[in-house]
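Here is how the chains run, residue by residue.
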Amino acid sequence: MLKQIEGSLGVAQAVALCRPGVVCAYPISPQTHIVENLGKFVKEGSLKDCEFLNVESEFSAMSVAIGSEVGGVRTYTATASQGLLFMAEGVYSASGLGLPMVMTVASRAIGGPINIWNDHSDSLSQRDSGWLQLFCESNQDAVDTHIMAFKIAEEVGLPVMVCMDGFVLTHAFERLDIPDQETVDKFLPKYEPREFINTKEPVSIGAMVGPEAFTEVRFLQQRKMAKALSVIEKVTKEYRELTGSKSGGLLDCYNCENADIKLIIMGSTVGTAKDEVDRLKAQGINVGIISLKSFRPFPYAAIKEAIGDTKQVICIERAFSFGARGIVCPEVKRAMEGTNCDVKTVVAGLGGRPIFGTTINGIVKDALAGKFTEEFTWYDIDTNVLNNSTLKEENVSFSKGPIAQSVLEKSVKA
């Protein structure tokens, strides 16, 4: 059914259609509207047989989610930014115990300084936590991905983060196609838990594992991640055939045939980039976009196939690794080992700084002009802000334009 609604309400309706037995909630912007709406559904009775639990912190939310999953109940929660960090201990426990819960991460920058706007530093900080991480480029993508996430999680036996850009998607109103209950019931079977406590056959869950078996536990967890690649593709195919949706999958390609350069992007920036790529095509510049949907597990083979024989790839990243460089770029370089493909990172859009069509245009034209001479470049930097600090404290100034990593390192040495 077509509805003109806020992205958060669309996600709440999608989650409700999956018939969770427990929703545990602690509000933190920008995910708050999702759990607020789920609370309303439970109170008014439209979401039946579900317990909505208000808790006192994000750590408690994850603790409740672990407890309800161990109790054999389909479980959902949501968080963002500092909240995700606060629940990190439980995040690792949930995946280590093989609990197939679903959690929305309404991606937002991590402080300090405090910043409530969108980038990907929160979700990517948990990239080694053992959760699947699925990124959404639109609110329709978010609605469909949440429904698929429950099935993926339950088939694989691992939890799933559905990562959608905070405010840019969560608070945007647009036309969404929400499937009906009958369709979702046909797609998503009744929950049959695998790892749960049964009083008739008592076992310990989460007990200590020593050196004699811990490596094997991690091996089996990694094996589930490898399995998830094919499960994501299978579940996406089933959902698309049932609903006609184009959402989901490991990645999505746009204008990639015979492209001179390809951009790898996660999240809502994809939509902006598609519009700009259309304008560039009219100018005779052929640019492809690879929308990376699954960051964990990372789809190495699919990325290699999507890039093909393209010689130049730019990863536009909304997060980076302090003391290192990009986060997505090294994974792409691994996928392209043994080829002559040149893969670079351009970091932009941190802390809610908008990535405009002009930003995409500038990145593409600078890349084609050979201006990105190093693996990592800071883009769209306000050098006036930088120089206000560095000139006064170190007598160092930066010129306008993209700033390569070596410029940063030389400024420190100077």
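Conventions we followed
- Residues numbered from 1 in each chain as written.
- Predicted model: local features only at pLDDT ≥ 70, side-chain atom pairs only at ≥ 80, totals over all residues.
- Heavy atoms only, no water.
- Core = buried A, V, L, I, M, F, W, Y, C linked by side-chain atoms within 4.5 Å.
- Buried < 20%, exposed > 50% of the residue type's maximum accessible area, 1.4 Å probe, protein only.
- Helix = DSSP H or I, 4+ residues; strand = E, 2+ residues; numbered from the N terminus.
- Contact = heavy atoms within 4.5 Å.
- 1 Å grid on protein atoms, 1.4 Å probe; cavity = no way out; pocket = protein on both sides within 12 Å on 5 of 7 lines; lining within 4 Å.
- Points joined across faces, edges and corners; volume = space filled by probe spheres on them.
- Nonpolar A, V, L, I, M, F, W, Y, C, P; charged D, E, K, R; others polar.

(A) Molecular detail of the nonpolar core. Residues L38, Y76, L132, I152 and V160 are the most contacted members of the largest nonpolar core, which totals 48 residues. The element best represented in this core is helix α7 (residues 139-156), accounting for nine residues. Look past the residues within four positions of I152 in its chain and what remains in contact with it is L132, L134, V160, V231, I232 and V235. Counting residues in hydrophobic clusters, the runner-up holds 42 residues, among them V55, M87, F135 and A319.

(B) Seen up close, the layout of surface pockets. A volume near 1000 Å³ is recorded for the largest pocket. Forming the boundary of the largest pocket are 37 residues, of which D119, F320, F322, L350 and W378 lie nearest the centre. The set of elements that each furnish at least two residues to the lining of the largest pocket consists of α6 (121-125), β15 (376-378), α14 (383-394) and α15 (405-413). Looking at the lining of the largest pocket residue by residue, the classes come out as 20 nonpolar, ten polar and seven charged.

(C) Summary view of empty space enclosed by the protein. Enumeration according to the criterion identifies two cavities of 30 Å³ or more in this entry. In this model, the largest cavity occupies a volume close to 70 Å³. As for the largest cavity, its lining consists of H120, L124, I264, I265, M266, I316, E317, R318, A319 and V328. At the level of elements, β10 (261-265) and β13 (312-317) are the ones that each hand at least two residues to the lining of the largest cavity. Looking at the lining of the largest cavity residue by residue, the class counts come to seven nonpolar, one polar and two charged. Taken as a whole, the second largest cavity holds about 60 Å³ of empty space. Taken together, L134, F135, D141, T145, M148, I152, I232, T236, G248, G249 and K293 make up the lining of the second largest cavity. Listed by contribution, the elements that provide at least two residues to the lining of the second largest cavity are β6 (132-135), α7 and α9 (214-243). For the lining of the second largest cavity, the element with the highest residue contribution is α7, accounting for four residues. Across the lining of the second largest cavity, the residue classes tally to five nonpolar, four polar and two charged.

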